[in-house]
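# Per-entry structural report
If you want the building blocks of each chain, they are given just below.
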Amino acid sequence: MDFIIEAAVKAVKTLYQTELNAADVNLQPTRKEFEGQVTIVTFPFTKFSRKSPEQTGTEIGEFLKNEVKEIAGFNVIKGFLNISLADGYWLDKFYNEILPDDFATSKPNGKKVMVEYSSPNTNKPLHLGHVRNNLLGYSVAEILKAEGYEVVKANLVNDRGIHICKSMLAWQKFGNSETPESTGEKGDHLVGKYYVLFDKEYKKQIDELKSFGQTEEDAKKNAPIIKEAQEMLQQWEAGNEEVIRLWKMMNLWVYDGFGKTYEALGVNFDKFYYESETYLLGKDIVEEGLEKGVFFEKEDGSVWIDLTADGLDQKLVRRSDGTSVYMTQDLGTAQEKYKNFHMDESIYVVGNEQDYHFKVLFLILAKLGKSWAKGLYHLSYGMVDLPSGKMKSREGTVVDADDLIAEMEQTAKAEIEKNGKIDGFGELEKAELYHTVGMGALKYFLLKVDPKKRLLFDPNESIDLQGHTGPYVQYSHARIRSVLKKADYRQSETVKIDLAPIERDLLFSLAQYPETITQAAKEHSPAVIANYVYELAKNYNKFYHEKKILQAEDESSKAFRLQLSSATAKVIKKAMKLLGIEVPERM
RNA sequence: GCACUUGUAGCUCAAUUGGAUAGAGCAUCUGACUACGGAUCAGAAGGUUAGGGGUUCGACUCCCUUCAAGUGCACCA
């Protein structure tokens, strides 16, 4: 709609002798209680016109109507100039832009972006919090692709450290050599079981020590089992063969389990990083920082950066014993990623509990003069909470990802058996559909919320399939496909008809798809897409009820409405794909 | 204590980034299937946008302040 903005700039120049920038013209969709499709807010122009808002709007409206042939009419309410565009404009746009198959497919923008997401610990199965992370990361990657970026999806697996040793140790002590094969249990769940077991034993020992008069703090340090775990970590770092063998074996179990969950979630990765391979990175950066005078060394040999001038604290980057900390490792990994891919932007999908960490990380890299530091972005999302509070793996108060997926499939199955139209589906086809609809509901539920907001999930209330939900959009798609099939639709030629208001609304909705992708990419927010596609489906459903398609008044209307339906189905499908949600032909 | 984030209908979320009478869904109530798919549609009811102050033509949005919730403030990751 740039032509309207340009014309408005010209109008203000001609009428009031004032030069405006395109950005000064506020164009927005007209509210549905008023006539028109787009609205210019004319309040800001009154200071140039020195006339009332109504008069200013009317003058600009007259000018535009005479100047721009696509503008069929206008009305002014207070400082709002509502513009009606001619049907010809909408039909041209529909046939030239929206209906063709390449609608909203943008050309490569020449930029490369890395999206790091998932990044699980290999000591326990994935829970709902991880699910949010995975869906967000995957969707943001898809959105950026649609916007023209070349995308690298990365997964930095946290496969080492004390928490991994805890599972390993507990398995060694209490596991009786059981394996996923021997128990039939999914590998990540089996390992997670021992992580919980470790914690139980650890707590028991703490209580015991406390009963002998130790303070809580001392007991936590002195419990034999935690000391053993720390020893094991040292042995791991020293390359102890037996420990390494155990570590590799149990990690393989976990990867096998994660692989299944990832597949069910429909997410994937182009590049895996493993902390066991990256945890020593960053030492050279510490040296570099010392040389550049960005870091400084204290008497005890520890190395720090002083960020107090930036309103932050002093931050340790190397211990006095010369070993790395989390920050060091992340500095090194960031460098490594850039070395591998030379991307223009790099997005970290990580929970908001690490806001401070990333603020510091990016600031340090900028201070070190890394040219690529400005392309770093922390996509910070809110925690998923239960009504009972925070999820805690060790205490078993988590919503397990695999369980949840299975439940969603069950919910979808029940609904489909009740209302679905799936005569002739084979068992495999049915199972696939239950999965598609169940995951549609789950994914939409998690993605429709602004990422940065925390999410409340009540496991006792199943996720809706009606209303503002994934299945609503999926249903809309299936229904359109059904109509098109019945009509034996093939793209026919251009027709000229008078548009009904609801048809104009639907066209407007469709036309907004490209800028919706742009906005979602800019904000790194799948929620923008989710809300858009719901709005689109809603407009279609309204149209569907108001207008007959197969029994339309005349052949031209029928042809047009079929085309409109087809275009809507295509956009729904594409938009849902950006959320990682499939849409069925029937359901 | 300090820092960051959040607070919108009973519940779950929107609000085109400072624009019109703050919009949807769920739940509640009323209506529409001898229909192209009723997982739908039309309507009713529901609000001091946590409270207070300020900035201006205009504030859910920006500033100040109070309150509430969450997170972070390790030579852990």
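Just so you know, the residues in each chain are numbered from 1, in the order the chain's sequence is written. Working convention: letters from A go to chains and numbers from 1 go to ligands, in the order in which they are written. Local features in this predicted model are restricted to residues of pLDDT 70 or higher, and side-chain atom pairs are both shown and tallied only at a pLDDT of 80 or more, whereas totals for entire chains, interfaces and linings draw on every residue. As a rule here, side-chain values come from all non-hydrogen atoms in the structure, and water together with hydrogens is ignored.

### A short note on the sheet that holds strand β1 (residues 27-29)
One requirement defines pairing of two strands: DSSP has to find at least two bridges between them. We count a stretch as a helix when DSSP gives it H or I for four or more residues in a row; a strand needs E for two or more, and each element gets its number in order from the N terminus. Taken together, four strands build an open sheet; the order of strands is β1-β2-β4-β3 and the sheet is antiparallel. Each edge of the open sheet carries a strand with a single partner, namely β1 and β3 (71-77). Sheet twist, expressed as the mean angle between neighbouring strand axes with direction ignored, is 30°. In terms of strand pairing, strand β2 (residues 38-41) meets strand β4 (residues 80-85) through four bridges, oriented antiparallel. All axes here are fitted lines through C-alpha atoms, helices being fitted over the stretch that makes contact, and every angle between N-to-C directions spans 0 to 180 degrees.

### Focus: the domain arrangement of chain A
Each domain's extent is set by a domain assignment, obtained either automatically or from a database. For chain A, the domain assignment lists domain 1 (2-85), domain 2 (161-268) and domain 3 (406-578). For domain 1 versus domain 3, the separation of C-alpha centres amounts to 34 Å.

### Quick word on a positive patch on the surface
Together, Arg-31, Lys-32, Lys-538 and Lys-542 give the surface a local cluster of positive charge. According to the relative accessible area criterion, Arg-31 is exposed, its value standing at 60%. Patch criteria: residues need more than 30% relative accessible area and no salt bridge. Like-charged residues are merged within 9 Å; nonpolar side chains of Val, Leu, Ile, Met, Phe, Trp and Tyr are merged within 5 Å. Per-residue and other accessible areas follow the Shrake-Rupley method at a 1.4 Å probe size, with only the shown protein chains counted as cover for residues. Any Lys or Arg side-chain nitrogen located within 4 Å of an Asp or Glu carboxyl oxygen qualifies as a salt bridge. We count Lys and Arg on the positive side and Asp and Glu on the negative side, and we leave His and both chain ends out. By convention, charge coordinates are those of NZ in Lys, CZ in Arg, CG in Asp, or CD in Glu. When accessible area is computed with a 1.4 Å probe and restricted to protein chains, residues below 20% of their type maximum are described as buried, those above 50% as exposed, and intermediate ones as partly exposed.

### Describing helix α10 (residues 224-238)
Residue pairs three or four apart in sequence face the same way in an α-helix, which turns once every 3.6 residues. Residue count minus one, scaled by 1.5 Å, sets the expected span of a helix. Between its first and last C-alpha atoms α10 spans 21 Å; for 15 residues at 1.5 Å apiece the expected length is 21 Å, and the two agree. Buried within α10 we find Ile-225, Ile-226, Ala-229, Met-232, Leu-233 and Trp-236. Take α10 and look down its axis: the buried residues cluster within an arc of 110°, on one side only. Projecting away from the buried face of α10 at angles above 90 degrees are the exposed residues Gln-234 and Ala-238. Two residues or fewer after α10 comes Gly-239, characterised by a positive phi angle close to 85°. In this description, one arc is meant: the one made by directions from the helix axis to the C-beta atoms.

### Regarding the confidence of the model for chain A
Each residue carries a pLDDT score, the predictor's own confidence in it, on a scale running from 0 to 100. Chain-level pLDDT for chain A is 93 on average; 100% of the residues reach the 70-or-more range. When the elements of chain A are averaged for pLDDT, strand β14 (residues 389-390) gives the smallest value, 80, and strand β5 (residues 112-116) the largest, 98.

### Notes on the protein's contact with RNA strand B
Around RNA strand B, the structure places 69 residues, and the nearest of them are Phe-80, Asp-300, Arg-319, Arg-479 and Glu-523. Considering RNA strand B, the proportion of its atoms within 4 Å of the protein that are sugar or phosphate atoms stands at 60%. Within 3.5 Å is the distance limit for a polar contact, defined as a pair of N or O atoms, with the added protein rule that one can donate a hydrogen and the other accept it, and that residues adjacent in sequence qualify only through two side-chain atoms. Measuring from a sugar or linking oxygen of RNA strand B, one finds a side-chain N or O atom of Asn-158 at 3.0 Å. Between Arg-319 and RNA strand B, the recorded distance is 2.3 Å, taken from a side-chain N or O atom to a phosphate oxygen. Sort the elements by how many residues they give to the surface near RNA strand B and helix α18 (residues 470-487) lands first, with eight residues. The nearness test applies per residue and asks whether one of its heavy atoms lies within 4 Å of the molecule or strand.

### Quick notes on the packing of aromatic side chains
Between the rings of Phe, Tyr and Trp (Trp by its six-membered ring), a pair exists once the centres lie within 6.5 Å; its type follows the angle of the planes, with under 30 degrees stacked, over 60 edge-to-face, and the other angles tilted. This model, assessed by the stated rule, comprises 26 aromatic pairs. Aromatic rings pair up to connect Tyr-117, Tyr-255, Phe-258, Tyr-262, Phe-269, Phe-272 and Tyr-274 into one cluster. Both a distance and an angle decide whether a charge sits over a ring: NZ of Lys or CZ of Arg must be within 6 Å of the ring centre and within 35 degrees of the ring normal. Just above the ring of Tyr-273 sits the side chain of Lys-271; from NZ or CZ to the centre is 5.0 Å. Between the NZ or CZ atom of Lys-298 and the centre of the ring of Trp-304, over which it lies, the distance is 3.9 Å.

### A few points about the pattern of salt bridges
Applying the stated rule across the entire model yields 35 salt bridges. Among the ionic pairs, Lys-153 bridges to Glu-142, the shortest N-O distance being 3.3 Å. Linking Lys-153 in strand β6 (residues 150-157) with Glu-142 in helix α5 (residues 128-146), this pair joins segments that are 11 residues apart in sequence. Accessibility assignment for this pair places Lys-153 and Glu-142 in one class, buried. Among the charged side chains, a salt-bridge network with shared partners connects Glu-142, Lys-145 and Lys-153.

### What about the nonpolar core?
Residue types Ala, Val, Leu, Ile, Met, Phe, Trp, Tyr and Cys, when buried and joined through side-chain atoms within 4.5 Å, form a set referred to as a nonpolar core. Counting 145 residues, the largest nonpolar core has Ile-40, Leu-64, Phe-94, Leu-128, Leu-144, Phe-560 and Ile-572 as its most contacted members. Sorting elements by how many residues they give to this core places helix α22 (residues 555-578) first, with 11 residues. Only heavy atoms enter the contact rule, under which two residues are in contact if any of them lie within 4.5 Å. Those residues within four positions of Phe-560 in sequence are excluded, and the remaining contacts are Leu-91, Phe-94, Tyr-95, Val-495, Ile-497, Leu-499, Glu-503 and Leu-507. If you look at the next biggest cluster of nonpolar residues, it comprises 25 residues, including Phe-295, Val-325, Val-350 and Phe-358.

### Topic: the sheet that holds strand β10 (residues 314-318)
Taken in spatial order, the three strands line up as β8-β9-β10 in an open sheet, and their pairing is antiparallel. In the strand order of this sheet, the two ends are held by β8 (295-297) and β10, each with one partner. Put simply, the sheet's adjacent strands are angled 40° from each other on average, direction ignored. Here four bridges tie strand β9 (residues 303-306) to β10, and the two strands are oriented antiparallel to one another. The residue of β10 that forms the bridge with Trp-304 is Leu-316.

### Details of the packing of α18 against α22
Relative orientation of the contacting elements α18 and α22 amounts to 145°, with a least axis distance of 9 Å. In the crossing of α18 with α22, the sense of the turn from one axis to the other is left-handed. On α22, the residues touching Gly-470, Val-473, Gln-474, Ser-476, His-477, Ile-480, Arg-481, Val-483, Leu-484 and Ala-487 of α18 are Leu-562, Ser-565, Ser-566, Thr-568, Ala-569, Ile-572, Lys-573 and Met-576. Rotating anticlockwise by less than a right angle from the far helix to the near helix defines a left-handed crossing, while the corresponding clockwise rotation defines a right-handed one.

### Describing the packing of helix α19 (residues 501-511) against helix α21 (residues 526-546)
For any two helices packed against each other, one specifies the inter-axial angle together with the distance between the axes. Two elements in contact, α19 and α21, have axes whose closest approach is 9 Å; the angle formed by their N-to-C orientations is 160°. Relative to α21, α19 is oriented roughly antiparallel. Between α19 and α21 lies a crossing whose hand is left-handed. Contact residues: α19 offers Ile-502, Glu-503, Asp-505, Leu-506, Ser-509 and Leu-510, while α21 offers Tyr-532, Glu-535, Leu-536, Asn-539, Tyr-540, Lys-542, Phe-543 and Glu-546. Here the residues of the contact of α19 with α21 are counted per class, giving seven nonpolar, two polar and five charged. Roughly parallel means an angle under 35 degrees; roughly antiparallel means over 145; roughly perpendicular covers 65 to 115; every other angle is labelled oblique. Throughout this entry, Asp, Glu, Lys and Arg are counted as charged residues, while Ala, Val, Leu, Ile, Met, Phe, Trp, Tyr, Cys and Pro are counted as nonpolar. The remaining residues, Gly among them, count as polar.

### As for the environment of Tyr-381
Inspection of the secondary structure puts Tyr-381 in strand β12 (residues 376-381). Remark: the alpha-carbon pair of Tyr-381 and Val-349, spanning 32 residues in sequence, is separated by 7.6 Å. Discounting chain neighbours no more than four positions away, the residues touching Tyr-381 are Gly-129, Arg-132, Asn-133, Leu-136, Val-349, Val-350, Gly-351, Asn-352, Pro-451 and Lys-452.

### Some points on unusual backbone geometry
Its identity as a non-glycine residue notwithstanding, Gln-17 has a phi of 55°, on the positive side. Assignment of secondary structure puts Gln-17 in the loop between α1 (2-16) and β1. Phi at His-342 takes a positive value of approximately 50°, unusual for a residue other than glycine. Counting through the fold element by element, His-342 comes out in the loop between α14 (326-341) and β11 (345-351).

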